[in-house]
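# Commentary on secondary and tertiary structure
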Amino acid sequence: MDTVHAPSPRPLNVQAPAAPLSGAVTVPGDKSISHRALMFAALARGETHISGLLEGEDVLRTADAMRALGATVVRTGPGAWHVTGRGIGQLQEPADVLDMGNSGTAARLLSGILASHGIFSVMTGDASLRGRPMKRVTAPLAATGATFLSRVGGRLPLAIRGVADPAPLSYRLPVASAQVKSAVLLAGLNAAGTTRVEEPVATRDHTENMLRHFGAHVTVEPLGAGGRTITLAGRPELVARDVVVPGDPSSAAFVLVAGLVVPGSAVTVRGVGLNPLRTGLFTTLREMGADLRLSNERIEGGEPVGDLTAIAGPLHGVDVPADRAPSMIDEYPVLAVAAAHATGPSRFRGLEELRVKESDRLAATVALLERNGVTVQVVGDDMIVTGTGGAVPGGGVVETRMDHRLAMSATVLGLAASAPVGVDDTAFIDTSFPGFIDLMNGIGAGLGA
């Protein structure tokens, strides 16, 4: 079993390195694609080989869950996994509670699968996940005929009585969310008929891409100004297909922003996923004047991939539209760090989705900056960061709130601050980016020295 446990707190004191950052690195596999690869492989008939899988704690929780539901899931080497699936509708009832750790993605996507199987299951997670809302997923899924029982506010632990013959869903997302969209589509796999999802703004489409990769019939049509309608033909015969997982652009973001804000630096991240619905950060950084260079573009596993080089230089403030938020929703904390170093104000619009991440990530990002001398405010769902035009003051201690992205963002902030920045806990970084500290030290960060 690849069981994982909550790590002990690991505080870190971060200060500017003695020399610029330099070198070329490869970041772990894309977390979103890794979760989906394990789930779809378990639902397909036959044997799927996955390479480049992210082996962080979040993804290992998904591997454990699919194993508990009857699939054969075996690690065969670093990033290499072999999955023998059971077929749609054939998952078995788990003998114990499914512990999803810190992973909201795994919990929400798995809800769609569990709702559409005639089995009983219970999901829980760590303290952070148990505090995050699930109702925006369970509300639409209840229309399949499944029943859900949870704590107040739709919070975990969550008991699910699924249905073997679920009704197909037709659902319009009130707020753009790839997780909710994916949960509805996953429920539709075992439904007779067509499942239909309307999203007001296009969100990351890894679920749609992987559905096609495994043999499902999915169509996507434009809807209004930037929206989309996704339809899925129910009860396809998913057939095992090998999956190559590209480097996670959300993980690459921390290395690249560090390269942009530490004076004199030049760093390259190889093999980064460049799905156009995931590259809002790179677009925004270029609008800020970042010297961000793309090379070696190619296609791997149906996803565009390339190498990105970040060269340090001056940045300026920008006004980022709300419709870009879904393409970089996980990158706002580290983008705020870049904005803190820019000249002038930056306004990031439409960040309501950040309030329901691992922490209230919007409030936590504001606190991260304020404690280190950066002027920032929230107006409605917008965040306005007034940059210093150079090194931030630093000197504060950041409360990471069990949020891996806050911990990494605080680390990047400290590398370009005038005074050391304290990070209260870096242990949860391993949920999405195992080896982050060592990788950063490999390009000269000097963390923990």
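Provided above is the structure to which this section pertains.
These figures come from a predicted structure and were not determined experimentally. (Residues numbered from 1 in each chain as written. Predicted model: local features only at pLDDT ≥ 70, side-chain atom pairs only at ≥ 80, totals over all residues. Heavy atoms only, no water.)

### Remarks on the sheet that holds strand 18 (residues 319–320)
As a general point, the strands of a sheet are linked pairwise by backbone hydrogen bonds and lie either parallel or antiparallel. Pairing is mixed in the open sheet, where four strands are placed in the order 18-19-21-20. Bordering the open sheet on either side are strand 18 and strand 20 (375–379), each of which pairs with just one other strand. Where strand 18 lies against strand 19 (residues 343–348), two bridges are found, and the strand directions are parallel. Its bridge partner being in strand 19, D319 is matched across the sheet by R347. Lying over the sheet, helix 10 (residues 332–341) contacts strand 18, strand 19 and strand 21 (382–388), oriented at roughly 35° with respect to strand 21. (Pairing = 2+ DSSP bridges. Helix = DSSP H or I, 4+ residues; strand = E, 2+ residues; numbered from the N terminus. Contact = heavy atoms within 4.5 Å. Axes fitted to C-alpha atoms, helices over the stretch in contact; angles between N-to-C directions.)

### With respect to the sheet that holds strand 15 (residues 266–273)
Spatially, four strands are ordered 2-15-17-16 in an open sheet, and the strand pairing comes out mixed. For this open sheet the edge positions go to strand 2 (22–26) and strand 16 (291–300), each flanked by a neighbour on one side alone. Taking the axes of each pair of neighbouring strands and ignoring which way they run, one obtains an average angle of 15° across the sheet. In this sheet, strand 15 lies alongside strand 2 in parallel orientation, the contact comprising five bridges. Bridge assignment links S22 to a residue of strand 15, and that residue is A266. Sitting on the sheet, helix 8 (residues 249–261) touches strand 2, strand 15, strand 16 and strand 17 (303–311), and the angle it makes with strand 15 is about 165°.

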